[in-house]
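The lines below spell out each chain.
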Amino acid sequence: MDDLEAFLAVIEKGSQAAASRHLRRPLQSLNRSLMTLERALGVELVKRTTRRSEPTEAGRVFYERIKPAVAAIIEARAEAANLRGEISGPLKVGAPILFASSYVAPIVSRFLNLYPNVDVELRASDEQADLVADGLDIAVRIGDSMDESLIARRLHSLRVVIVGAPSYFAEHGRPKHPNDLEQHACILRAATDVIDKWPFRIDGQLQSVKVHGRFRSNSAASIRAAASEGTGLALLPLWQINDLVAQGALAIVLPEFETEGMPIQLVWPPTRAPLERVQRFVDFLTSSLKTDLL
């Protein structure tokens, strides 16, 4: 499983270094897993360069076949571990809107299949809800939680990428270095304040680069749509645009300067008793997201 997860991460993240950071495994260990898998299969799965790792034709086919199988194994583990006792009752879960529909809702459906006596209410909102006031048992948070009184369990780091449309690159070219962004139109996120500084890792150091552009929005869906129309470059979590990247509607640039990414965590009130059904759901969600987000 370690070797398979290493292979999946390399394909998804685009390089062994990024996969190493994602899995929190030493680069040497991850490389050994990849070579072990290739030796066992007798075929090259990944073409490696100093900056990128791309699947061979055999690697692409193997990836498509094993990803659902790995997901099924992880889910079977959770099912077997959870057979020690029946659980029942209501469960209220909060999550960001797009993440709720893309990831949490399908996982909730699988959870309900395992536990027919559990009812789940999924509340989707991009605002960081007051868990106690809203009666939520648990919530998924992307980014740092603003409420330090909550108990938090960090799950993963979500890859955040710079993307642009082929039409934009045809007219303006591709940036080779973060400093080149000064010459490019960037789509800005406008929350409470306009976020006009993008983070990068340059020469091993975290640095912020000031960007500018004529379009800004507080909606990730709007930024995604504008980027795919060629309005400018956008900084977005990869999970929000995976489909557009796969279709070729958007392309990733500056991958070698990416930071560690955006944290995703589960939070719950410290005063609430840790119900068995909550703990089961936390474990199931954690194992499922590890596969779904890989």
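Scope of this entry: the structure provided in the associated data block. Note that the coordinates shown come from a computational prediction; the quantities given were computed from them, not determined experimentally.

1. Concerning the side chain of His184
No. 1: Considering the arrangement of structural elements, one finds His184 in the loop between α7 (166-172) and β8 (186-190).
No. 2: Owing to a relative accessible area of 6%, His184 belongs among the buried residues under this scheme.
No. 3: Within the structure, the side chain of His184 is placed 2.8 Å from the side chain of Tyr168, a separation counted as a polar contact.
No. 4: When residues no more than four places from it in sequence are discounted, the contact partners of His184 are Tyr168, His172, Gly173, Arg174, Pro175, His212 and Leu233.

2. Quick word on helix α8 (residues 220-228)
No. 1: Among the residues making up α8, those that are buried are Ala220, Ile223, Ala226 and Ala227. Projected down its long axis, α8 carries its buried residues within an arc of 125°, all on one side.
No. 2: Buried residues in α8 make contact with β8, β12 (216-217), β13 (233-237) and α9 (238-247).
No. 3: Taking the backbone nitrogen of Ala221 as reference, a side-chain oxygen 3.3 Å away marks Ser219 as the first, capping residue of α8.
No. 4: Phi for Gly230, located one or two positions after α8, is positive at around 90°.

3. So, the packing of aromatic side chains
No. 1: Under the definition given, this model contains 8 aromatic pairs.
No. 2: Both rings, one in Phe7 and one in Phe62, keep their centres 5.4 Å apart while their planes meet at 50°; by these two values the pair is tilted. Taken together, the residues span a long stretch of sequence, with Phe7 in helix α1 (residues 2-13) and Phe62 in helix α4 (residues 57-81) at a distance of 55 residues. Each member of the pair, Phe7 as well as Phe62, carries the same accessibility label: buried.
No. 3: Measuring from ring centre to ring centre gives 5.8 Å for Tyr103 and Trp239, while their planes differ by 80°; the resulting arrangement is edge-to-face. Taken together, the positions of Tyr103 in helix α5 (residues 97-114) and Trp239 in helix α9 put the pair 136 residues apart, joining distant regions of the chain.
No. 4: Chaining the aromatic ring pairs together yields one cluster made of Phe111, Tyr115, Phe281 and Phe284.
No. 5: We note Arg174 situated over the ring of Phe169; from NZ or CZ to the ring centre the distance is 4.5 Å.

About the cut-offs
- Residues numbered from 1 in each chain as written.
- Predicted model: local features only at pLDDT ≥ 70, side-chain atom pairs only at ≥ 80, totals over all residues.
- Heavy atoms only, no water.
- Helix = DSSP H or I, 4+ residues; strand = E, 2+ residues; numbered from the N terminus.
- Buried < 20%, exposed > 50% of the residue type's maximum accessible area, 1.4 Å probe, protein only.
- Polar contact = N/O pair within 3.5 Å; in protein donor to acceptor, adjacent residues only side chain to side chain.
- Contact = heavy atoms within 4.5 Å.
- Arc of directions from axis to C-beta.
- Phe/Tyr/Trp six-rings, centres within 6.5 Å; stacked < 30°, edge-to-face > 60°.
- Lys NZ or Arg CZ within 6 Å of the ring centre and 35° of its normal.

By themselves, these figures tell us nothing about what the structure is for.
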